[in-house]
Amino acid sequence: MRVVSVEGRLAMVVDGQVVDVERASGGRFDAAPQAVYARWEEFVAWAAEERGMRSGPALHEVTLAAPVPEPRQVFAIGLNYRDHVAEGGLEASDTTPMVFTKFPSSVAGPYDDVPLPPGSVDFEAELVVVIGKQAERVPADRAWEHVAGLTAGQDLSERELQTGPPHPPQFSLAKSFPKFAPIGPAVVTPDEFDDPSDLEIGCHLNGEQMQKARTSDMIFSVADIVAYLSSVVPLLPGDLIFTGTPSGVGFVRDPKRLITPGDVLLTHVEGIGTMRHHFHAGPVR
Ligand code: ZN
């Protein structure tokens, strides 16, 4: 199943058409896309019985918003691909993921325009996990039972604020400017993939490929990450986990390739789709 937000209303994509869930269910499920994750198993069971719904416009005719617009928690993992660790001249732990947050106000849609704050804004294509069932102290071999689906994300990052000095490094703030956590275009359930742990991921900036990898290259798998995070905090339905970026980011290139006004960034994950973001000069901080 593929779940999207059509201008803020929960919808499913069926044979290339969007089906409004609140209308198709006679009001059983709320129109607000965030609400469905609290009733995810019930929703999946209902959707499986409702084959043949054909009520909406074609997917390409509608404007998609963030499919998970108001998560209570947004986790992000750093240093989770070896080639990205190496290009940054860093060392990664093999035993413990590096965790930070993107504050929920930074969540944005798959085709939103993004204002650029002053500084050095960089791209990070990432696979994003959507939690569908509360997870507390879940072992890795049961982690996928708590995953509603997968989507694509950009962990947009202002590198000067992120790395410090003269001020302290501000990982979470540097990655939480408005619209710095775009996700989409759809949340895709794990059963839709041949192997949800091995998907091509990448991004293009103004048509030039900047990142290309496979999610099977992650140091900590989706299951490892869910297990580790849930050993400390409960993961709640509708939470997001950005799972880290592969090599090719702009600020370690020579010369650097940072995002400038007018740039267009395409971000894709195999089996999920492609997001498109146009950047413009934002307000002065
Ligand atoms: Zn990242």
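The coordinates are above.
Residues numbered from 1 in each chain as written. Predicted model: local features only at pLDDT ≥ 70, side-chain atom pairs only at ≥ 80, totals over all residues. Heavy atoms only, no water.

A. Expanded view of the side chain of Thr215. On the secondary structure map, Thr215 appears in the loop between β15 (208-214) and α6 (222-230). In this structure Thr215 comes out as buried when scored by relative accessible area, which is 2%. Setting aside residues no more than four positions away along its own chain, Thr215 makes contact with Tyr81, Leu127, Pro196, Ser197, Asp198, Leu199 and Ile201. (Helix = DSSP H or I, 4+ residues; strand = E, 2+ residues; numbered from the N terminus. Buried < 20%, exposed > 50% of the residue type's maximum accessible area, 1.4 Å probe, protein only. Contact = heavy atoms within 4.5 Å.)

B. Quick look at the packing of aromatic side chains. The full count for this structure, using the stated rule, is seven aromatic pairs. An angle of 80° between the planes, with centres 5.4 Å apart, marks the rings of Phe29 and Phe43 as edge-to-face. Taken as a pair, Phe29 in the loop between α1 (21-24) and α2 (40-49) and Phe43 in helix α2 lie far apart in primary sequence, 14 residues in all. Of the two residues, Phe29 and Phe43, neither departs from the other in class, the shared state being buried. Seen from their ring centres, Tyr37 and Trp40 are 5.1 Å apart, and the 15° between their planes marks the pair as stacked. For Tyr37, a relative accessible area of 0% translates into the label buried. Residue classification places Trp40 among the buried residues on the basis of a relative accessible area of 8%. What links up through ring pairs into an aromatic cluster is the set Phe29, Tyr37, Trp40, Phe43 and Trp46. When the ring centre of Phe242 is taken as origin, the NZ or CZ atom of Lys102, which lies over that ring, is 5.6 Å away. Over the face of the ring belonging to Phe251 we find Arg159, whose NZ or CZ atom lies 4.1 Å from the ring centre. (Phe/Tyr/Trp six-rings, centres within 6.5 Å; stacked < 30°, edge-to-face > 60°. Lys NZ or Arg CZ within 6 Å of the ring centre and 35° of its normal.)

Everything listed is a geometric property; what it means functionally is a separate question.
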